[in-house]
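# A closer look at the structure
Letter by letter, the chains look like this.
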Amino acid sequence: MTGSTPEQDTDRPRHPRDTPAPDHPHGQDPAPDRPHDLVGIGIGPFNLSLAALAHGVPGGLSTAFYEQRPAFHWHPGLLIDGATLQVPFLADLVTLADPASPWTFLNYLKSRERLFPFYFAEKFHIHRAEYDAYCRWASERLPGLHFGHQVDSVRWNPERRLFEVDYTQLDPDGETEALGRTYTRNVVLGVGTEPYVPEPLRPLADAPGVPVVHSADYLAHRETLLAAGHVTVVGSGQSGAEIFLDLLRARPAGAEGIHWLTRTEAFAPMEYSKLGLEHFTPDYTRYFHALPEQVRDGLVPRQWQLHKGIDDATITAIHDELYRRTLHGGWPDAVLTPGVRVRTAGRVATTRVELHLEHVQQNARTRLTTDAVVLATGYRERPLERLLTGLDPYVRHDSAGRPRVDEHYRLVLDPSVTGAVHVQNAERHTHGVGAPDLGLAAWRSATILNAITGKEPYPLPRRTAFTSFGLEAREAPGIPAQGRKLTPLVQH
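Rules used in this analysis
- Residues numbered from 1 in each chain as written.
- Predicted model: local features only at pLDDT ≥ 70, side-chain atom pairs only at ≥ 80, totals over all residues.
- Heavy atoms only, no water.
- Helix = DSSP H or I, 4+ residues; strand = E, 2+ residues; numbered from the N terminus.
- Buried < 20%, exposed > 50% of the residue type's maximum accessible area, 1.4 Å probe, protein only.
- Contact = heavy atoms within 4.5 Å.
- Core = buried A, V, L, I, M, F, W, Y, C linked by side-chain atoms within 4.5 Å.
- Polar contact = N/O pair within 3.5 Å; in protein donor to acceptor, adjacent residues only side chain to side chain.
- Phe/Tyr/Trp six-rings, centres within 6.5 Å; stacked < 30°, edge-to-face > 60°.
- Lys NZ or Arg CZ within 6 Å of the ring centre and 35° of its normal.
- Pairing = 2+ DSSP bridges.
- Axes fitted to C-alpha atoms, helices over the stretch in contact; angles between N-to-C directions.
- Arc of directions from axis to C-beta.

When its secondary structure is counted, the chain shows twelve helices and 18 strands. Looking at the 492 residues of the chain, the share that counts as buried comes to 50%. The contacts in the chain between residues at least 6 apart in sequence include a share of 70% that link residues at least 24 apart.

Dropping the structure here:
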């Protein structure tokens with residue numbers, strides 16, 4: 001386990017409502033047979049948010065969080081110099097549920113004596129690298145986080161009425177060091193997402209020596225990509241735009257040698273209007289969850305511009321850089337083509353790649369030969385089947401075979417299971433486009449903790465949006481309807 005013990009760490013935050021449990025060497029449970037109140041699987045920003053808020057529950061909770069990686073890292077391959085978050089700094093681990101928490105971003109700045117520089121910088125959107133450093137600061141100080149621990153299975157023990165969580169403790173080289181088991185009343189799955197590679201490009205991405213990399217690994221291959229004669233970026237979202245801009249800025253004028261392709265019909269800006277952003281509120285999440293399954297499935301693909309577009313500042317910076325390269329005549333050797341899909345791909349000789357392209361609107365096909373490819377093709381939710389094999393008889397599924405998830409982010413289980421399995425960022429099909437959004441992290445974590453404790457350690461707002469998303473009010477359980485009531489129409 002990484003991080004300091006309380007005795008070694010002099011600036012460890014202390015929550016006034018709770019005294020943290022002591023950390024334990026190598027992440028070992030102090031009493032493996034004693035059940036926890038909560039075990040979290042995966043330590044990304046969402047389960048880190050849960051751990052930080054669980055630390056502040058009055059009376060305390062017994063928690064343990066397990067992560068296969070040796071330490072916290074948040075998209076290290078995309079911490080491009082100057083890249084910022086697309087959400088305000090208030091979307092930290094805890095603020096939108098508990099602004100008095102010691103785990104806020106502002107308290108992180110205070111601990112680093114950087115509050116005044118941040119104040120004068122007037123930055124509402126912080127650098128990604130700074131968000132990563134903030135999360136790592138929290139991960140090194142929160143108790144009960146066990147890095148270097150791979151969870152192998154989760155089972156329900158009906159005799160003990162507890163979940164059994166089996167894990168493998170790994171050494172610094174990733175080899176098995178020890179096996180362990182812990183028991184818990186509740187489980188939270190926060191295993192995150194994994195890079196998605198389209199089927200036509202998978203053989204190339206898996207082949208050794210072929211310069212086809214996913215954007216998740218961009219910085220690790222940046223020097224190789226800069227040295228390539230021609231680079232093709234595939235994908236129109238924020239990552240594709242940032243990588244295109246970084247390559248453009250670093251390559252010589254007149255010899256840029258970059259081609260940017262996207263399936264979308266335009267290099268479209270992200271929906272960032274004030275009312276558009278209300279799709280990332282608890283109000284919209286409740287509305288979406290109450291819709292029929294077929295309606296939800298139809299909505300998510302149509303809302304791609306809410307989360308897959310490019311922020312206006314990046315689009316502006318790209319155009320400014322391209323324009324700057326025309327000041328002395330000529331055009332940059334950079335091609336931007338929307339509306340194109342990659343049909344197939346293959347090698348040319350041993351070092352080049354040939355992409356077979358189709359322009360949908362023109363119904364035209366062509367081939368593009370390039371020296372390197374960056375796949376900014378996004379991420380997919382990690383499948384939960386492997387972890388949940390032991391729970392499969394108890395899990396209820398929807399018509400598409402996906403786990404059903406209730407309004408409290410709990411998997412719908414057989415009534416014989418008295419514990420709960422909650423999910424984080426694995427519920428887009430039930431909760432909508434806000435599932436992967438950092439701005440809803442603290443609210444979702446608070447919702448989960450309120451459900452687990454059966455109390456309300458974190459009172460949540462009754463209303464969060466000016467928009468009424470449906471004709472019928474869809475309020476959270478126990479919360480009275482807000483605003484004016486609509487009078488039903490009478491048919492004659």
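The tendency in soluble globular proteins is for nonpolar side chains to be buried side by side. Within the largest apolar cluster, 47 residues are counted, with the highest numbers of intra-cluster contacts made by Leu48 and Tyr131. For this core, the secondary-structure elements that each account for two or more residues are helix H1 (45–54), helix H2 (105–111), helix H4 (128–139), strand S3 (145–147) and helix H12 (441–453). Excluding residues that lie within four positions of it along the chain, Tyr131 makes contacts with Pro45, Trp74, Leu85, Ala91, Leu93, Ile126 and Leu438. Formed by 25 residues, the second largest nonpolar core is a distinct cluster that contains Tyr66, Leu189, Leu391 and Leu411.

Looking at the element boundaries, Asn157 is found in strand S4 (residues 149–157). Along the chain, Asn157 and Leu391 lie 234 residues apart, while their C-alpha atoms are 10.0 Å from each other. Every residue in contact with Asn157, bar those within four places of it in the chain, is listed here: Leu162 and Glu164. A distance of 2.7 Å separates polar atoms of two side chains, one belonging to Asn157 and the other to Glu164.

What the rule picks out here adds up to 24 aromatic pairs. Joined through ring pairs, the aromatic side chains of Trp74, Phe89, Trp103, Phe105, Tyr108, Phe118, Phe124, Tyr131, Tyr134 and Trp137 make up one cluster. Above the face of the Phe46 ring, Arg444 is positioned so that its terminal group lies 4.4 Å from the ring centre.

What follows deals with the sheet that holds strand S2 (residues 63–67). A sheet is described by the order of its strands in space; here five strands give the open sequence S3-S2-S1-S7-S18, paired in parallel fashion. Here the strands that pair on one side only, and so sit at the sheet edges, are S3 and strand S18 (420–423). Taken over all neighbouring pairs, the strand axes of this sheet differ in orientation by 20° on average, direction set aside. Alignment of strand S7 (residues 186–189) against S18, held across four bridges, turns out to be parallel. Of the residues in S18, the one forming a bridge with Val188 is His422.

Time to look at helix H9 (residues 293–302). Where H9 is concerned, the buried positions are Glu293, Arg296, Leu299 and Val300. One side of H9 carries all its buried residues, which in axial view fall inside an arc of 120°. Within H9, the exposed residues directed more than 90 degrees away from the buried face are Gln294, Pro301 and Arg302. Looking at the buried residues of H9, the elements they touch are helix H8 (282–289) and helix H11 (428–431).

Among the structural elements, Gln424 can be located in the loop between S18 and H11. Classification of Gln424 by relative accessible area gives buried; the value is 1%. For Gln424, the side chain forms a polar contact with the side chain of Asn47, separated by 3.1 Å. In this structure the side chain of Gln424 is engaged in a polar contact, spanning 3.0 Å, whose partner is the side chain of Arg444. In contact with Gln424, not counting residues within four places along its chain, are Phe46, Asn47, Leu50, Val188, Leu189, Gly190, Arg444, Ser445 and Ile448.

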